[in-house]
Amino acid sequence: PAGREPRFAKRMVFIAKTLGNGLVSLEGRDWARHRRIIQPSFSTGALRQKLETSVPAIVDRFIESWRLAEGRIIDVASHINVLALDIMGQVAFSHDFHGLDLLEVWASNPSSSSTGELAGELDDPLVSSITEMLKPDFVRFFMRQAGLGHIHHVL
């Protein structure tokens, strides 16, 4: 049952150090309490309402950026990733990643990147933390290979 001792250890210390103690890193009763609090935000009705209120404005900004850049070659995958990130940020976390800001700057500046490749340019603390956390790390790699990955946080 939820709230009792976990069946397995998550060993997510590096996530807790980066993002804090939350649903992803907590276990047992603390996890169950956080889950109960946050679960209503992810109900079908709540998500539908947030989608209906957030998505049209975000998509309008996206389309307007493409209109401004008419005739230029674009990196569709990069632009769609930014669109998805901003929609997901607003709908699921009420967080603006400002990805469309990058797209708008690119669209209004013809001398910027010829394809509008936007990857790696987001200046968001959450994105930066996750990127830093996922960077290759020799010590972390070595510890995992030695079967000691769970104690990397003490180094």
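Figured I'd write up the structure that's included with this text. What you see is a predicted model; the values in this text were computed from it and never measured. (Residues numbered from 1 in each chain as written. Predicted model: local features only at pLDDT ≥ 70, side-chain atom pairs only at ≥ 80, totals over all residues. Heavy atoms only, no water.)

1. Topic: the overall build of the protein
So, point 1. Of the regular secondary structure elements, the protein holds seven helices and zero strands.
So, point 2. Each helix and strand of the protein, placed in order from N terminus to C terminus, yields the pattern α-α-α-α-α-α-α.
So, point 3. Counting across all 155 residues of the protein, residues that qualify as buried make up 23%.
So, point 4. The contacts of the protein with a sequence gap of at least 6 include a subset with a gap of at least 24, amounting to 56%.
So, point 5. Roughly 10,700 Å² of accessible area belongs to the protein as shown, and the carbon and sulfur atoms make up 59% of that amount. (Helix = DSSP H or I, 4+ residues; strand = E, 2+ residues; numbered from the N terminus. Buried < 20%, exposed > 50% of the residue type's maximum accessible area, 1.4 Å probe, protein only. Contact = heavy atoms within 4.5 Å. Areas by Shrake-Rupley, 256 points an atom, 1.4 Å probe, with all protein chains shown as cover.)

2. A short note on the nonpolar core
So, point 1. Counting residues in hydrophobic clusters, the biggest one holds eleven residues: Ile 58, Phe 62, Ala 69, Val 82, Leu 83, Ile 87, Val 91, Leu 100, Leu 103, Trp 106 and Ala 107.
So, point 2. Contributions of two or more residues to this core are made by α3 (44-68), α4 (76-93) and α5 (99-108). (Core = buried A, V, L, I, M, F, W, Y, C linked by side-chain atoms within 4.5 Å.)

3. Details of the pattern of salt bridges
So, point 1. Tallying each qualifying case throughout the model produces three salt bridges.
So, point 2. Its salt-bridge partner being Arg 61, residue Asp 101 comes within 2.7 Å of it at the nearest N-O pair. Here Asp 101, found in helix α5, pairs with Arg 61, found in helix α3; they are 40 residues apart in sequence, far enough to count as distant.
So, point 3. Arg 61 is the salt-bridge partner of Glu 104, the closest N and O atoms lying 2.8 Å from each other. Taken as a pair, Glu 104 in helix α5 and Arg 61 in helix α3 lie far apart in primary sequence, 43 residues in all.
So, point 4. We classify Glu 104 as partly exposed; its relative accessible area is 26%.
So, point 5. Look at the salt bridges and you will find they share partners, linking Arg 61, Asp 101 and Glu 104 into a network. (Salt bridge = Lys/Arg side-chain N within 4 Å of Asp/Glu carboxyl O.)

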